[in-house]
Amino acid sequence: MIPLAVHPAAKLNSRSNVGFSQLIAIMCSICVHFIINPLCYLADMYIDTTEKLQKLCEAVKKTKVIGFDTEFMRERTFFPILCLIQLNIEGKAYAIDPLKVDVKELLEILVKAPMLVFHSGRQDLEIIYNLIGKLPKNIFDTQIAAMVCGFGEQVSYQQLVQ
């Protein structure tokens, strides 16, 4: 096991002044808003128009730490089909419908973000790369961080937040 102090995630964590518990809290917020509380669709948190997306893009540009998750369909396709992007920006969750709006501009902004937080983000990164041909440089994967902290390999998000 790699000591936490020399692990790349630890360096990223110390450079960004964001603690592991804060990153977990960001992912918990995504879970609460989108899995437990589907009422997010009733407000501006559901992004299904270009105007709402432009407003969200402006907020994303000003945010230092962004929670990121995707939902996709991968049945009978070689590449995943993006069906939903979930973001957490300063404690507020957003659901972006990529079937109704073009999300490439948003993804271009996200790959330049100071910090994108994922849980088991390999497939999320694959989707970003397939859509815009770029990957974010500053990422924090809570599943990898949990492994480094001794939670075991491939700890689920549910296990991590319990």
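Residues numbered from 1 in each chain as written. Predicted model: local features only at pLDDT ≥ 70, side-chain atom pairs only at ≥ 80, totals over all residues. Heavy atoms only, no water.

Student: Please clarify how the confidence of the model for the chain should be interpreted in this entry.
Tutor: Interpreting fine coordinate detail is not advised for predicted regions of low pLDDT. Here the chain shows a mean pLDDT of 80. Residues at 70 or above account for 73%. Per-element mean pLDDT across the chain ranges from 40 in helix H1 (residues 8-16) up to 97 in helix H4 (residues 104-110). Within the model, pLDDT remains below 50 along residues 1-16, and this stretch shows 23 contacts once partners closer than five positions in the same chain are excluded. Overall, residues 32-37 carries pLDDT values under 50, and its contacts beyond four positions in sequence, including any with other chains, amount to 14 contacts. (pLDDT = per-residue confidence, 0-100. Helix = DSSP H or I, 4+ residues; strand = E, 2+ residues; numbered from the N terminus. Contact = heavy atoms within 4.5 Å.)

Student: Looking at this model, I keep getting lost on the side chain of Asp97. Mind explaining?
Tutor: Looking at the secondary structure, you find Asp97 in the loop between strand S4 (92-96) and H4. We note that Asp97 is buried and unpaired, the nearest opposite charge coming from Lys100 at a distance of 4.4 Å. Sequence-distant contacts of Asp97, that is, excluding residues within four places in its chain, are made with Tyr46, Ile47 and Cys83. (Buried < 20%, exposed > 50% of the residue type's maximum accessible area, 1.4 Å probe, protein only. Lys, Arg positive; Asp, Glu negative; His and termini not counted. Salt bridge = Lys/Arg side-chain N within 4 Å of Asp/Glu carboxyl O.)

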